[in-house]
Amino acid sequence: MEGQPSSFVSQSQNDLSGSGSKKSVSLAIDPKNQQTQIEGMYPSKIMPEITDLRSAKNLSHDSVNISQSENPESIHKFWGSQPILLNSNNELSELNSPIIQDSIAIREQPFTLSSSFEWSELDLTLDCEIQELYELLCENYVEDDDHMFRFAYSKQFLIWALKPPGWLSEFHCGVRVKTSHKLVAFISAVPAQIFVKGKLKQMVEINFLCVHEKLRNKRVAPVLIREITRRVNLKGIFQAVFTSGAKLPNRPVAVCRYWHRSLNPKKLIEVEFSYLTRNMTLQRALKLYKLPEKPITPGLRKFKLSDSKAVCDGLNLYLSRFELCPKFTETDISHWLTPHEGIIYSWVVQPTPSEPITDMISFYSIPSSVIRHPKHKHLYTAYLFYYFTTRTLFQDLLYDALILAKSNNFDVFNALDIMENKSVLEDLKFGMGDGNLQYFFYNWCCENIATDNVGLVLQ
Ligand SMILES: CCCCCCCCCCCCCC(=O)SCCNC(=O)CCNC(=O)[C@H](O)C(C)(C)COP(=O)(O)OP(=O)(O)OC[C@H]1O[C@@H](n2cnc3c(N)ncnc32)[C@H](O)[C@@H]1OP(=O)(O)O
């Protein structure tokens, strides 16, 4: 299906011969050239359909797959009425500016839901409400095309992602059935300062848009989006950034791709996330992806709260080279990077206690449910988050992150081809998926940004 991950592009041949050269290896299958196959994802298919759940947002949503030639506003009744650039419209208005000005009239009343439903601001300080959101997402959030895997964000992760500094409960926007009070839909916003091509803008990041499977294709999503927009506008914010793996009528500002590094090849094969191709045995795969037990960089240690200031300065400086990136405060850094088992893992390099921090790397954890598997219930996936380097080679730092992810029992490590990632992924035996993750703005006109100029990571 258009816009969905469907195959891998194979990389150069692997080297198991012990030649000593650091050749790159692909996890992946090139369906056109069986000779180069080493190991691919989703064995039961002629063309592997999906590589990664992050790159599969909105998979079930056929109606958003459009061609460039169709797509007048009338087809996209909702998006055609919004301040965004459509794929079908090649004209850009004034660059790096709002599409509509902030002085718009803001509706005071919430948008109208059908009479059986009501708005519900979730109180994520209450465990019972977090539990409800967790269950809604676990049962109804993003799946792969073949319904084999579904994101299973943990409750603690949801708290971390939805309650950063500046969070507002109005932005945790739920819909319940009036009679039963069952939570059936959700959308969230969190405030963020975003640099776009040198301009700093107060925006929100939109995430966790979810409509219960039984309510799909009934135009609930547009009402949720309108309502969150209204609530955000009421706080004086008129721009948003969000990502989607599915093709939307909106023109993306950047089109990125996920890469995958196998950490636990045996399990990945068992759950059919990867498979052994003709020239690969399990023994060879285990050897190929084997990692040392301990990180190699001298002075690498866990991030501590007291590192926040130094890391904030180092990270903001590093990110400022990218056209799209956040601007963090020290409080943001304490929130986003303080390590929590099962949520966020962060390390700094401090060569000696009397020296300053020179480098930092982090990754977060999003498990997926393995749907209907007799043995494995979850796939544990680490996602590369923010990092900066001043002294350590980035490749060495990411290699350490792989080692640490493996030692923390992750099965696979995912990274986008953003920031400097692309330059080291092949050497570190990542395989390229062909699912795109697209970045979008709401109410911001901007020319395309190249993937290696993207310095923003959403959850
Ligand atoms: C200033 C502040 C601004 C704040 C807001 C900024 C914008 C935020 C935008 C949201 C960013 C979210 C970021 C994430 O969380 S991405 C994760 C999205 N969630 C999932 O994929 C979970 C599983 N799927 C579902 O729950 C449903 O299929 C969803 C809820 C996705 C759609 O429900 P349903 O399948 O029942 O459809 P409908 O009949 O109600 O509505 C159809 C209309 O909705 C448009 N559509 C469908 N999927 C998406 C999508 N992922 N982004 C934007 N628009 C989407 C579609 O083009 C069509 O409009 P139009 O083509 O006719 O015009």
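From a predicted model like this one, the values you see are computed outputs, not experimental measurements.

1. Description of the sheet that holds strand S15 (residues 378-379)
Inference 1: Ordered in space as S3-S14-S15, the three strands form an open sheet in which the pairing is antiparallel. Sheet topology places strand S3 (149-151) and S15 at the edges, where each strand pairs with a single neighbour.
Inference 2: Bridge count for strand S14 (residues 368-370) against S15 is two bridges, and the pairing is antiparallel. Bridge pairing links Ser-368 to Leu-379 in S15.

2. Considering the pattern of salt bridges
Inference 1: For the structure shown, the criterion picks out 15 salt bridges.
Inference 2: The partner of Glu-227 in a salt bridge is Arg-230, and the shortest N-O contact between them spans 2.8 Å. Of the two residues, Glu-227 and Arg-230 both sit in helix H3 (residues 220-234), three residues apart, roughly one turn of that helix.
Inference 3: Residue classification places Arg-230 among the buried residues on the basis of a relative accessible area of 7%.
Inference 4: Residue Lys-309 is joined to Asp-313 by a salt bridge in which the shortest nitrogen-to-oxygen separation is 2.7 Å. Taken together, the positions of Lys-309 and Asp-313, both in helix H6 (residues 308-319) and four residues apart, correspond to about one turn of that helix.

3. With respect to the packing of H6 against helix H7 (residues 330-337)
Inference 1: Running from amino to carboxyl end, H6 crosses H7 at an angle of 100 degrees, the nearest separation of the two axes being 8 Å. As judged from the angle between their axes, H6 and H7 are roughly perpendicular. Taking contact as the criterion, the partners of Ser-308, Lys-309, Val-311, Cys-312 and Leu-315 in H6 are, on H7, Glu-330, Ile-333, Ser-334 and Leu-337.
Inference 2: Taken together, the residues of the contact of H6 with H7 break down into five nonpolar, two polar and two charged.

4. Comments concerning the UniProt feature "domain: Glycylpeptide N-tetradecanoyltransferase N-terminal" (unreviewed entry) in the chain
Inference 1: In this numbering, the UniProt entry assigns the feature "domain: Glycylpeptide N-tetradecanoyltransferase N-terminal" (unreviewed entry) to residues 105-256.
Inference 2: Secondary structure within residues 105-256 divides into 24% helix and 32% strand; the distance between the first and last C-alpha atoms comes to 35 Å.

5. What about the pairing of strand S16 (residues 381-388)?
Inference 1: Among the eight residues of S16, eight are classified as buried, and the element is accordingly described as predominantly covered.
Inference 2: By the bridge criterion, five bridges tie strand S13 (residues 359-365) to S16 in an arrangement that is antiparallel. Looking across to S16, one finds that Met-360 is bridged to Phe-388.
Inference 3: Bridge analysis of S16 against strand S17 (residues 412-416) gives three bridges, and the strand direction is parallel. Looking at S17, one finds that Thr-381 is bridged to Val-412.
Inference 4: Once you follow S16 into helix H8 (residues 394-407) and on to S17, the crossover reads as right-handed.

So, how was this worked out
Residues numbered from 1 in each chain as written. Predicted model: local features only at pLDDT ≥ 70, side-chain atom pairs only at ≥ 80, totals over all residues. Heavy atoms only, no water. Pairing = 2+ DSSP bridges. Helix = DSSP H or I, 4+ residues; strand = E, 2+ residues; numbered from the N terminus. Salt bridge = Lys/Arg side-chain N within 4 Å of Asp/Glu carboxyl O. Buried < 20%, exposed > 50% of the residue type's maximum accessible area, 1.4 Å probe, protein only. Axes fitted to C-alpha atoms, helices over the stretch in contact; angles between N-to-C directions. Parallel < 35°, antiparallel > 145°, perpendicular 65-115°, else oblique. Contact = heavy atoms within 4.5 Å. Nonpolar A, V, L, I, M, F, W, Y, C, P; charged D, E, K, R; others polar. UniProt positions renumbered as here; feature names shortened; annotations may be inferred. Right-handed = clockwise from strand over helix to strand, strands pointing away.

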